[in-house]
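Residue strings, one per chain:
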Protein chains: 2
Amino acid sequence: MPSNRSVRLSDIAAIAGVSISTASKALNGGDRISAETRARVREVAERLDFQPNALARSFALGRSRTIGILTYRATSTFAGPVLIGAVLQLGELQQASLVFDEDLLVPRQMTKSIRALQARRIDGLLVVGDGHERVSHSVTHHFGVPVTYAFAASDHPEDVVYLPDNEGAGRLATRHLVEVGATRIAHITGSRDSIAARLRERGMRAELEAAGLKQAGETRHGSWSHDWGAAAMSEMLDSGVEIDAVFCGNDHIGLGVLEVCAVRGLRVPGDIAVVGVDNWEGVVLDQGIRRLTTVDLELQRLGRLAAADVLAPERAPGEHLVAPTLVLGPSS
Amino acid sequence: MPSNRSVRLSDIAAIAGVSISTASKALNGGDRISAETRARVREVAERLDFQPNALARSFALGRSRTIGILTYRATSTFAGPVLIGAVLQLGELQQASLVFDEDLLVPRQMTKSIRALQARRIDGLLVVGDGHERVSHSVTHHFGVPVTYAFAASDHPEDVVYLPDNEGAGRLATRHLVEVGATRIAHITGSRDSIAARLRERGMRAELEAAGLKQAGETRHGSWSHDWGAAAMSEMLDSGVEIDAVFCGNDHIGLGVLEVCAVRGLRVPGDIAVVGVDNWEGVVLDQGIRRLTTVDLELQRLGRLAAADVLAPERAPGEHLVAPTLVLGPSS
DNA sequence: CTGAAAGCGCTTACAG
DNA sequence: CTGAAAGCGCTTACAG
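Each value, and the rule that gives it
- By convention here, each chain's residues receive numbers from 1 onward along its written sequence.
- Chains carry letters and ligands carry numbers; both start at the beginning, A for chains and 1 for ligands, and go up in the order they are written.
- Thresholds applied to this predicted model are a pLDDT of at least 70 for local features of residues and 80 or more for the giving and counting of side-chain atom pairs; totals over whole chains, interfaces and linings are not thresholded and use all residues.
- The side-chain figures draw on all heavy atoms in the structure; neither hydrogens nor water molecules are used.
- Helical segments are the DSSP runs of H or I of at least four residues, strand segments are the runs of E of at least two, and each set is numbered from the N terminus.
- All radius of gyration figures rest on C-alpha atoms, and the globule criterion is 2.2 Å times the number of residues raised to 0.38.
- Summary of the burial criterion: residues with accessible area below 20% of their type's maximum are buried, those above 50% are exposed, and those between are partly exposed, where the area comes from a 1.4 Å probe applied to protein chains only.
- Contact definition: two residues touch when any of their heavy atoms are within 4.5 Å.
- Two parts placed together each lose some accessible area; with a 1.4 Å probe, that loss summed over both constitutes the buried area.
- One side-chain nitrogen of Lys or Arg within 4 Å of one carboxyl oxygen of Asp or Glu is enough to make a salt bridge.
- For the purposes of these results, a polar contact is taken to be a pair of N or O atoms within 3.5 Å, where, inside protein, one atom must be able to donate a hydrogen and its partner to accept one; residues adjacent in sequence count only when each atom of the pair is a side-chain atom.
- Ten residues, namely Ala, Val, Leu, Ile, Met, Phe, Trp, Tyr, Cys and Pro, are considered nonpolar, four, namely Asp, Glu, Lys and Arg, are considered charged, and the remaining ones, Gly among them, are considered polar.
- The least-squares superposition of copies is restricted to C-alpha atoms, and to residues with a pLDDT of at least 70 in both copies.
- Domain ranges listed in this record stem from an automatic or a database domain assignment.

Looking only at helices and strands, chain A has 12 helices and 14 strands in total. Here the C-alpha radius of gyration of chain A, 26 Å, is well above what a compact globule of 332 residues would show, namely 20 Å. Along the longest, intermediate and shortest principal axes, the C-alpha atoms of chain A span 90 × 45 × 35 Å. Residue burial in chain A is summarised as follows: out of 332 residues, 54% are buried. Pairs at least 24 apart in sequence give 69% of the contacts found in chain A among residues at least 6 apart.

What follows is the structure in structure tokens.
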């Protein structure tokens, strides 16, 4: 029963026999107050289950405890986890989220969203993008409150930006393959134009070099699909390149590679070890059974970190890369 | 530039040469006011880009324009889209979301979340569950504001509940198969204990009956996996049951079925038409190319509808089923 | 139709 | 250490 619907600070003060200002200080921990007064007020507040009216508090302090979230395609496969991580993190920090899904490149829409967010007196703003491939116009200068970019590259170098560490993902996958004994590692990946693909490849190269290894064959660029993975793997095997592992640019490609291995009677990981990227649940798990070793870019955690950053007392400008994790499966 | 940071209603009033109360009435559309006064005030407000302080407004009206969201496993595959739909819908309605992810069955956690939400003076509450299989304890009586349940069965019959129409999904899939000419429709699905599985099957039965058809063979219950789909399909074909279509309880099963068809040289949909359920992007799409006809339970829309319901002036108690949609692919 | 005044429930200098 | 008072910026009866 919500019996405390209307317990006010003034009630607490009256019962404790102090003024409202003293009661306020007692509860909020100011310093010029006697220990016994504080204890008495707190005891009364506790007993009456006092919950300070958040509306009045916000009004008095000028802080809304609401963070704006400006999203571009919130429903896309990869932006979804970022958004969910953000709203969960904000909730844990007792902050509400005011979410607008807009295309940051359309000035008209932006203006409308920006005005609405300003009117709501948000305490900070989180911009959630749709990955590496798209640069967002910086909106930081429109706001007098902290702005953080998550999963979005901003065009302003002083902005605080959180991105997945795609290069780190390539390093992590490759180091793992080296550690399980692979020495002839091939690479099949997505579009040549993709920034993420390039970064993952670069990470692989760095790690190969560190291990004193050479890449097996040339990188095969194509699409991010199962069919491309299968086609490229077939070609590669037919070409006679000797390989004992494949680092795949994403999970779909990885599954295509696995399929070709199965058809050709190659044992995985005995003959060929395979690692993907994304840890995309629907792709990589079949009713809880994992089919592929993969690298998780930790997008939900990225959302959480970026959201917490908006409220952090100290914020460092520039890019923050979120460390990926390796998820072991039967393919390595 | 946020030059309007401190334009207040009193500024507008002063410039327009009216009192604050008159200015307020002019902007908020009260009736006892002259047309010219209203026009003049509005013109001034427009010119100065006046944005009423949402904090003051909330305080005066006692409405926070914030909706609480109580989630159980917000990050699960199916609850995610519901949550995203909800926060996007609320944003469009200018409502902030205060999200707590808690297990509704753990009283301790609940109590804490409920108190925090009450303290924030939320205007309404949305409970987001994790599907049909789990019944949530009703929390409605803890709140003096509207409570709606999304993707969650409540144990109180008067609660307002939004659920996917699993029976409708079974009907929709079956009707489609009938319409494309199937007459011997088999059913492979998940666990016998699953409520969703039972409802989908019931929908199929109803539609078969309506079409004057009999199900081909018995329903095969197993897991929701690709491997089960393949195994069950193989068995079924070996058993000699004549079939020209399979209604699959989910997409993974559907893909398993497709795989067996491919191996056995059965043309899809020429020899056998296949329909799944879920429209799970990673499963059913390969880089934009669809592999399966499926039924989409419209979970994101469910989240939107439930969120809008919290704020609706009239709310109908009981279950609201959200209509599924058919998504055509190459398998039917 | 218009405006003076009270009220929403806190916080925070400031005087005592 | 404590309390009276002003202030946060709106809305809303109510008197005129």
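Contacts between chain A and chain B engage 58 residues on the former and 57 residues on the latter. For the chain A face of the interface with chain B, the top three residues by lost area are Leu55, Arg120 and Arg121 of chain A, together amounting to 14%. Residue Arg115 of chain A is joined to Asp49 of chain B by a salt bridge in which the shortest nitrogen-to-oxygen separation is 2.0 Å. Viewed at the interface, chain B and chain A are joined by 16 residue pairs in polar contact (both at pLDDT 80 or more). If you list the elements that add at least two residues to the side of chain A that touches chain B, you get helix H4 (54–61), helix H5 (79–92), strand S2 (96–101), helix H6 (107–119), helix H9 (226–238), helix H11 (281–284) and strand S10 (285–286) of chain A. For the side of chain A that touches chain B, the leading source of residues is H5 of chain A, giving 7 residues. Along the lines of polarity and charge, the residues of the side of chain A that touches chain B split into 22 nonpolar, 24 polar and 12 charged.

Attention shifts here to the relation of the copies chain A and chain B. Once chain A is rotated about the relating axis by 180 degrees and shifted along it by 0.0 Å, it coincides with chain B to within an RMSD of 0.1 Å. Here the two chains are linked by the operation of a two-fold rotation axis. When the interface residues of chain A are mapped onto chain B, 98% of them again fall at the interface, so both copies present the same face.

Residues and elements named next belong to chain A. Assigned domains of chain A: these are domain 1 (9–52), domain 2 (66–164 + 299–322) and domain 3 (166–296). Each of domain 2 and domain 3 has a C-alpha centre, and these two points are 32 Å apart. Each partner contributes residues to the interface: domain 2 has 6 residues there, and domain 3 has 9 residues. In this assembly, domain 2 packs against domain 3 so that about 530 Å² is buried in total across both faces, 53% of it on carbon and sulfur atoms. Our enumeration of links across domain 2 and domain 3 arrives at 0 salt bridges. Remark: the boundary between domain 2 and domain 3 carries 5 residue pairs in polar contact (both at pLDDT 80 or more). For the side of domain 2 that touches domain 3, the per-class residue count stands at 3 nonpolar, 2 polar and 1 charged.

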